Amino acid sequence: MDKKKQKKSSTSISLKSTEIHSTIKQAFEIKKNPFPWIKAFSAGVSASLPVFIGLLLGSLQYGLLAGIGAFTYLYVFNQPYAQRAKKLFFVMIGISLSVGVGTLIAPYPLASAIMMGVIGAVAIFIFGALKISGPSAIFFVLSFAMATGMPVDPSLAPLRTGLVFLGGVLSWLIAMLGWLISPREPETNAVKRVYMELAAFLDSVGKENFNETRQRTVSAMKQAEDILSAGYISWQSSDMFKRLYLLTEHANTIFLEVLEIALEEKAKLPPELGESIRALANSIEHKKKNNTKILQPDHVNEAAEHLFVKIYNADAIMNEPISRINQEVRISKRSLKTVFLGAFDKNSIVFLSSVKYGTVLTFAAIIAYTFDFNRSYWIPLSCAAVMSGATIIATFHRAVQRFLGTIVGILVASIILSSTPQGYIIAIIILVLTFFTELFIVRNYGFAAMFFTPSALIMAEYTTQVHDFAFFATVRVTDIFIGCVIGLIGTLLIGRRSASSLLPHFIAKTIRSEGQFLLMLFSEHNSRIDYEESRERSKMQTNLTNLKTVYNTASGELFSNKTVLDSLWPVIFSIEQMGYLLDSSLKYDKRPVLSDESLAQLLYTFETMAMAAEQNQPHTEKNTPDIQGFSKIKKEIIALQNALQISERVPG
């Protein structure tokens, strides 16, 4: 018996050793993401332009201070310009206030440490709740930290805040220049992706990759809906926006019809259908009439012929005069109150992550200030950067990449500073270093660290006027190492298996909310439902978002049970598909009213599935009543029950 236990323990250690080796190796992998040339150049201009202006006005220090506001541009991503304008405005305000508050409380180390944690936690929560892509809290923390490291003088808070704000205004203007050329480019790209994925979905009917393309298509349609919703301005709805919105709705209709065909007949569709949709997608991108004519096969069944008609109708939406398209734009937006209340839950990963982030960051800052490290703010700053990884594995990758990248970056900085650059050369160097930082950060964070490290050291040299590079370099290596270690230990202690333990709860919670939404959809009062203000719909969407976040986080935990997580993927997939089908059903005005017995049976089925997932109990398939006109929902309920039965057979 002891030998068996010893052998099992030895195997476990060997597996963990292999996993650690694999994790370290992954930190050095170079992603194949395309280089963002335009964004990188624009970021370089945003960072260097305030310095150029400062030099023209005779104050390099003021120019460098205004350059902090250029961090605003680093929050530019492929979002609609209406959303970009609002997001960057609030980022600009946040960075400016971070510098102002940092200047005011710099004389009080303990207050500075606590405030740094609060700033980090609030930023993580807001970005997580609103699902905003970007660097999240890091540049707010950096701005605050840099202010506490400047010469202590609280009376300079208004001046520093104002200069940073002006630098942010420049970044805002540069970020919005694309609106003058192509005001609807993000929305157009999103809708084009929907039709490209839809074409792949049609091609996959009857093939092994059917579920994979189905998932990608649903994801693309959700993303397009989010982007169109973010870009919608009620008082300025252009013809192009209306076409894009209606094209997305039409893609949703085509997808549901294809799904019905695929589930009923399990047959392949003619390839001309996919080719027609790809031709339509390309015409969306180039905003030109679709001149590519895909001939319909001579012999097709009724279902395929109906799909061709749908595709031709979509083509008409893109090319016919808008006056001839008699359809209404119905944009649904959840209120900020609803979004934040959904994320502000003791079991919400967004909430738990923000608390964890703020706690560890405060602890790192207290250590830095208590032991009186030189340039102590680099310790919590490194801790903040490391913890920005979405998962524990990503956090470990960040620590390795940041430390090694910093070493190389210091060598780059030593070469640059050995020539003692002055005047406009400094601005050009900042432009080049920022350009390469943004260019390489999409490939590997360690490569980016090779360029933002010398940029930070140059700013430290010229803003403090100490001119002791050996001092700055030594301090930076020491502080970054300490900050990385604190960030890693804090993440491991607080969040090692938290997501895995929460997963059954969130699966059950999401299933229950879908059952409640289904009850509302097909009850006798379904005609009174407000599409935008439906509480049940909002609750279901919040739970779906939380569930996907928890699952992705659990997948990135060290030593997590990969077998169990893999077995749960069909469950997660089916729950997501169920949510999509229910949400799509709400858009139909005429839905059947189910009997009390049928509704009771459906609720019972959802509750037993939720209990099975939450308590890890065996689940037996329950009878599912028919829903006239919405047979896809019944099929998905059966699929979810089957997925739960399979996952329960996998040993934990």
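To be clear, the structure that these remarks concern was listed above.
Residues numbered from 1 in each chain as written. Predicted model: local features only at pLDDT ≥ 70, side-chain atom pairs only at ≥ 80, totals over all residues. Heavy atoms only, no water.

**Examining the overall build of the protein**
Alright, step 1. Summing up its helical and strand segments, the protein has 25 helices and zero strands in all.
Alright, step 2. Considering the protein as a whole, with its 652 residues, one finds that 52% of them fall into the buried category.
Alright, step 3. Restricting to contacts in the protein with at least 6 residues of sequence separation, those with at least 24 account for 80%.
Alright, step 4. For the protein, the accessible surface area stands at approximately 30,400 Å², while carbon and sulfur atoms represent 61% of it. (Helix = DSSP H or I, 4+ residues; strand = E, 2+ residues; numbered from the N terminus. Buried < 20%, exposed > 50% of the residue type's maximum accessible area, 1.4 Å probe, protein only. Contact = heavy atoms within 4.5 Å. Areas by Shrake-Rupley, 256 points an atom, 1.4 Å probe, with all protein chains shown as cover.)

**Details of the packing of helix H23 (residues 562–585) against helix H25 (residues 631–648)**
Alright, step 1. Taken N-terminus to C-terminus, the directions of H23 and H25 make an angle of 165 degrees; their axes are 9 Å apart at the nearest point. By the criterion of interaxial angle, the relationship of H23 to H25 is roughly antiparallel. The two elements H23 and H25 cross, and the hand of that crossing is left-handed. Contacts from Ser 567, Leu 568, Pro 570, Val 571, Ser 574, Ile 575, Gln 577, Met 578, Leu 581, Leu 582 and Ser 585 of H23 reach H25 at Lys 632, Ile 633, Glu 636, Ile 637, Ala 639, Leu 640, Ala 643, Leu 644 and Ser 647.
Alright, step 2. Of the residues assigned to the contact of H23 with H25, the class counts are 13 nonpolar, five polar and two charged. (Axes fitted to C-alpha atoms, helices over the stretch in contact; angles between N-to-C directions. Parallel < 35°, antiparallel > 145°, perpendicular 65-115°, else oblique. Left-handed = near helix turned anticlockwise from the far one by under 90°. Nonpolar A, V, L, I, M, F, W, Y, C, P; charged D, E, K, R; others polar.)

**Notes on the pattern of salt bridges**
Alright, step 1. The final tally for this structure, using the stated rule, is 13 salt bridges.
Alright, step 2. The salt bridge partner of Arg 184 is Glu 187, with a shortest N-O separation of 2.6 Å. With respect to burial, Arg 184 and Glu 187 carry one shared label: buried.
Alright, step 3. Between Arg 537 and Asp 583 there is a salt bridge; the shortest N-O distance is 2.5 Å. (Salt bridge = Lys/Arg side-chain N within 4 Å of Asp/Glu carboxyl O.)

**Brief notes about the environment of Ala 199**
Alright, step 1. Here Ala 199 lies in helix H9 (residues 185–204).
Alright, step 2. Looking at Ala 199, the relative accessible area reads 0%, which means it is buried.
Alright, step 3. A sequence separation of 81 residues divides Ala 199 from Leu 280, and the C-alpha atoms of the two residues are 9.9 Å apart.
Alright, step 4. When neighbours within four sequence positions are excluded, Ala 199 is seen to be in contact with Gly 274, Ile 277 and Arg 278.

**Points about helix H18 (residues 424–440)**
Alright, step 1. In this model H18 runs 25 Å from its N-terminal to its C-terminal C-alpha over 17 residues, within 8% of the 24 Å that 1.5 Å per residue would give.
Alright, step 2. Taken together, the buried positions of H18 are occupied by Ile 426, Ala 427, Ile 429, Ile 430, Leu 433, Thr 434, Phe 435, Thr 437, Glu 438 and Leu 439. (Expected span 1.5 Å × (residues − 1).)

**A look at unusual backbone geometry**
Alright, step 1. Phi is positive for Lys 131, which is not a glycine, with a value near 55 degrees.
Alright, step 2. By secondary structure assignment, the location of Lys 131 is in the loop between helix H5 (109–129) and helix H6 (138–149).
Alright, step 3. Its identity as a non-glycine residue notwithstanding, Ser 136 has a phi of 55 degrees, on the positive side.
Alright, step 4. Relative to the helices and strands, Ser 136 resides in the loop between H5 and H6.
Alright, step 5. Exposure remark for Ser 136: the relative accessible area of 12% places this residue in the buried category.

**A short note on the nonpolar core**
Alright, step 1. One finds Tyr 195, Leu 198, Phe 255, Ile 507, Phe 522 and Ile 633 to be the most contacted residues of the largest nonpolar core, which totals 86 residues.
Alright, step 2. For this core, the element with the highest residue contribution is helix H11 (residues 239–265), accounting for 14 residues.
Alright, step 3. Lining this core are residues from two domains, each supplying at least three of them: domain 2 (184–324) and domain 3 (499–648).
Alright, step 4. Not counting residues within four places of it along the chain, the set of residues in contact with Phe 522 comprises Arg 591, Pro 592, Val 593, Leu 594, Leu 599, Ile 627, Phe 630 and Ile 633.
Alright, step 5. Grouped together as the second largest cluster of nonpolar side chains are 74 residues, Ala 147, Ile 410, Ala 449 and Ile 458 included. (Core = buried A, V, L, I, M, F, W, Y, C linked by side-chain atoms within 4.5 Å. Domains from an automatic or database assignment.)

**Notes on the packing of aromatic side chains**
Alright, step 1. Per the stated rule, a full pass over the model turns up 26 aromatic pairs.
Alright, step 2. Ring centres of Tyr 75 and Phe 127 lie 5.6 Å apart, and the angle between their planes is 50 degrees; on these two criteria the pair is classed as tilted. With a gap of 52 residues between them, Tyr 75 in the loop between helix H3 (60–67) and helix H4 (81–105) and Phe 127 in helix H5 connect regions that are remote in the sequence.
Alright, step 3. What links up through ring pairs into an aromatic cluster is the set Phe 35, Trp 37, Phe 435, Phe 436, Phe 440, Phe 447 and Phe 451.
Alright, step 4. For Lys 39, the ring lying beneath its charged end belongs to Phe 77, and the centroid distance is 3.8 Å.
Alright, step 5. For Arg 443, the ring lying beneath its charged end belongs to Phe 35, and the centroid distance is 4.0 Å. (Phe/Tyr/Trp six-rings, centres within 6.5 Å; stacked < 30°, edge-to-face > 60°. Lys NZ or Arg CZ within 6 Å of the ring centre and 35° of its normal.)

**Brief notes about the side chain of Ser 96**
Alright, step 1. Inspection of the secondary structure assignment puts Ser 96 in helix H4.
Alright, step 2. Separated by 3.4 Å, the side chain of Ser 96 and the backbone nitrogen of Phe 165 make a polar contact.
Alright, step 3. Setting aside anything within four residues of it in sequence, one finds Ser 96 in contact with Thr 161, Val 164 and Phe 165. (Polar contact = N/O pair within 3.5 Å; in protein donor to acceptor, adjacent residues only side chain to side chain.)

**Brief notes about the packing of H9 against helix H10 (residues 210–231)**
Alright, step 1. Relative to each other, H9 and H10 sit at 160 degrees, their axes nearing to 8 Å. Taken as axis vectors, H9 and H10 run roughly antiparallel relative to one another. Remark: the crossing between H9 and H10 carries left-handed chirality.

**Some remarks on the environment of Leu 56**
Alright, step 1. Assignment of secondary structure puts Leu 56 in helix H2 (residues 37–56).
Alright, step 2. Residues Leu 56 and Gly 423, 367 residues apart in the sequence, show an inter-C-alpha distance of 9.6 Å.

**With respect to a nonpolar patch on the surface**
Alright, step 1. A cluster of nonpolar side chains, namely Leu 110, Ile 114, Val 118, Val 122, Ile 126 and Ile 366, defines an oily patch on the protein surface of about 460 Å² accessible area.
Alright, step 2. Along the polypeptide, Ile 366 turns up in helix H15 (residues 349–370). (Patch = residues over 30% accessible without salt bridge, like charges linked within 9 Å, V, L, I, M, F, W, Y side chains within 5 Å.)

**With respect to the environment of Met 318**
Alright, step 1. Looking at where Met 318 falls in the secondary structure, it is placed in helix H13 (residues 302–319).
Alright, step 2. When the C-alpha atoms of Met 318 and Lys 242 are compared, they prove to be 9.8 Å apart, with 76 residues separating the residues in sequence.

**Side note on the state of the cysteines**
Alright, step 1. Overall, the coordinates contain zero disulfides when judged by the stated rule.
Alright, step 2. The thiol sulfur of Cys 383 is not disulfide-bonded, and the nearest other cysteine sulfur, from Cys 484, lies at 8.6 Å. (Disulfide = S-S within 2.5 Å.)

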